[in-house]
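Report on the structure
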Amino acid sequence: MRDRPKILFVGGSGVPSGVPTFIKAVIEAAGDDIESVVVSEPDQGGYGRLAAGARHIAVDGLATTLNPFHQRRARARLEQVILSEKPSLVWAHARMAVHLCRDLFSETTPSFSRLAVSLHGLPFGPGHRPTLKAMSKFIEMRHLRHTRPHHIHLLTQEDVQFYCAALPPSMVERHDFQTLGTVSHMGSHMGLAHTAPSQTLTGPLRIVMTTRASYQKNLIEAAHILACVTIPWRLDLWGAGTESEALIKRFRAILGPRMDRVRFHGPTRDVASALSDADLYLLTSRYEGMSIGVHEAFECGLALALSDIPANQVFLKAHPFAAALPLGQPSEAALRLDQLYTRLTRAPDYRLTSQTIWRSSFSPELWTQQARQMVRDILNRPLKASRL
């Protein structure tokens with residue numbers, strides 16, 4: 001019998017994103033209570049700085065794909081890892097990992113392990129493409145019906161309510177629900193100053209986006225908004241695909257002569273440096289979970305301009321210098337950004353104020369306690385008996 005439970009965390013791609021950040025935070029919170037093994041595609045910066053003692057196993061094919069051949073191959077590889085490691089718990093996070101693990105945990109799965117899945121955003125919630133939304137809901141119902149009773153982790157109580165209202169009660173009731181939001185540990189991990197200095201904003205508004213080029217992140221919306229603002233500004237884009245010629249071409253078509261205010265950097269492993277040279281964090285996503293990028297910017301004291309979607313409300317309500325941007329209305333969004341800039345020029349202590357509120361609203365110490373308790377609950381809370 002092993003001395004401590006082994007948890008096999010299953011992620012997706014190896015690039016930096018909210019999923020690896022959350023997995024690493026849970027591993028750090030659990031500490032020596034568990035033996036941690038992380039499975040993902042080959043690391044590309046997302047799974048660096050794993051806590052001491054945690055192992056990483058690279059498995060190709062865990063990034064999201066609709067190709068059934070690639071899915072079957074990835075499932076077979078993942079099954080071999082599970083059978084070899086024999087963990088007490090398999091905890092899937094990324095979308096493809098959740099799908100594959102639920103398939104593997106059918107009624108015939110060996111009983112040495114239980115299953116937990118984290119839904120970092122609901123794939124059938126607002127903002128998704130209608131066809132994919134309907135497909136995702138169908139797949140979710142199939143998994144709820146056929147997968148062994150398991151733990152489902154959602155980010156907020158609002159997510160739980162939406163999830164349970166959208167799906168048949170008879171399917172939902174078979175499973176156990178856990179709630180825990182995301183958090184940023186950037187200050188402790190990257191040596192950021194605990195307090196931001198007072199600084200009067202007088203020059204161009206320095207805007208930053210740490211993101212990736214995708215339908216979800218909706219980066220072209222940022223170009224449309226910035227084409228309408230009247231304030232002086234500059235924009236730095238960081239993340240996978242942000243240096244692509246296709247994206248640059250689309251920005252140029254919208255911004256014209258203002259294009260020289262935008263810098264397209266591409267991927268970075270030094271998010272702290274990217275944020276340190278900015279005044280405001282911009283997010284134009286169509287849908288989100290609970291954005292790690294927004295957490296990090298909030299912790300650093302940046303002002304926020306976020307798309308007015310359900311997942312961003314927790315930040316928009318808490319942050320004293322935030323603007324809710326209506327999607328598809330660039331003129332109105334630009335007006336709100338102009339107004340926020342005016343407020344910032346009159347508030348030299350806005351960074352310190354923002355940091356103070358972040359610590360009181362999203363305490364990393366409290367989150368660590370909650371994460372450790374959730375791990376204990378998932379490992380020990382009784383699940384309903386499987387229907388054979």
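Our structure is the block above this text.
Small disclaimer: the values here were computed from a predicted structure and weren't measured.

Rules used throughout
Residues numbered from 1 in each chain as written. Predicted model: local features only at pLDDT ≥ 70, side-chain atom pairs only at ≥ 80, totals over all residues. Heavy atoms only, no water. Pairing = 2+ DSSP bridges. Helix = DSSP H or I, 4+ residues; strand = E, 2+ residues; numbered from the N terminus. Axes fitted to C-alpha atoms, helices over the stretch in contact; angles between N-to-C directions. Contact = heavy atoms within 4.5 Å. Buried < 20%, exposed > 50% of the residue type's maximum accessible area, 1.4 Å probe, protein only. Polar contact = N/O pair within 3.5 Å; in protein donor to acceptor, adjacent residues only side chain to side chain. Salt bridge = Lys/Arg side-chain N within 4 Å of Asp/Glu carboxyl O.

1. With respect to the sheet that holds strand β6 (residues 151-154)
Note on sheets: strands pair through backbone hydrogen bonds, and any given pair is parallel or antiparallel. Taken together, 7 strands build an open sheet; the order of strands is β3-β2-β1-β4-β5-β6-β7 and the sheet is parallel. Every interior strand has two partners, whereas the edge strands, β3 (55-58) and β7 (176-179), have only one. Put simply, the sheet's adjacent strands are angled 20° from each other on average, direction ignored. Sheet analysis places strand β2 (residues 35-40) next to β3, joined by 4 bridges and oriented parallel. For Val37, the partnering residue across the bridge sits in β3 and is Arg55. Its contacts with the sheet place helix α2 (residues 68-85) against β1 (6-10), β2, β3 and β4 (89-92), and it is angled at close to 170° to β1. Where helix α3 (residues 95-104) meets the sheet, its contacts fall on β1, β4, β5 (114-119) and β6, and the angle it forms with β5 comes to roughly 155°.

2. Some words on the environment of Glu332
Here Glu332 lies in helix α13 (residues 330-345). Among the residues examined, Glu332 registers a relative accessible area of 30% and is labelled partly exposed. Distance in space between the C-alpha atoms of Glu332 and Ile225 is 8.5 Å, their sequence separation being 107 residues. Only 2.9 Å separates the side chain of Glu332 from the side chain of Arg336, close enough to count as a polar contact.

3. Section: the pattern of salt bridges
Per the stated rule, a full pass over the model turns up 19 salt bridges. Put simply, Asp277 and Arg234 hold a salt bridge, and the shortest N to O gap is 2.5 Å. Of this pair, Asp277 sits in the loop between α10 (271-276) and β11 (280-283) while Arg234 sits in strand β9 (residues 233-238), and the two are 43 residues apart along the sequence. Given a relative accessible area of 22%, Arg234 falls into the partly exposed group. The salt bridge involving Asp377 is made with Arg381; its shortest N-O contact spans 3.4 Å. What you see here is one network of salt bridges that share partners, running through Arg206, Arg234, Asp236, Arg263, Asp277, Asp279 and Arg351.

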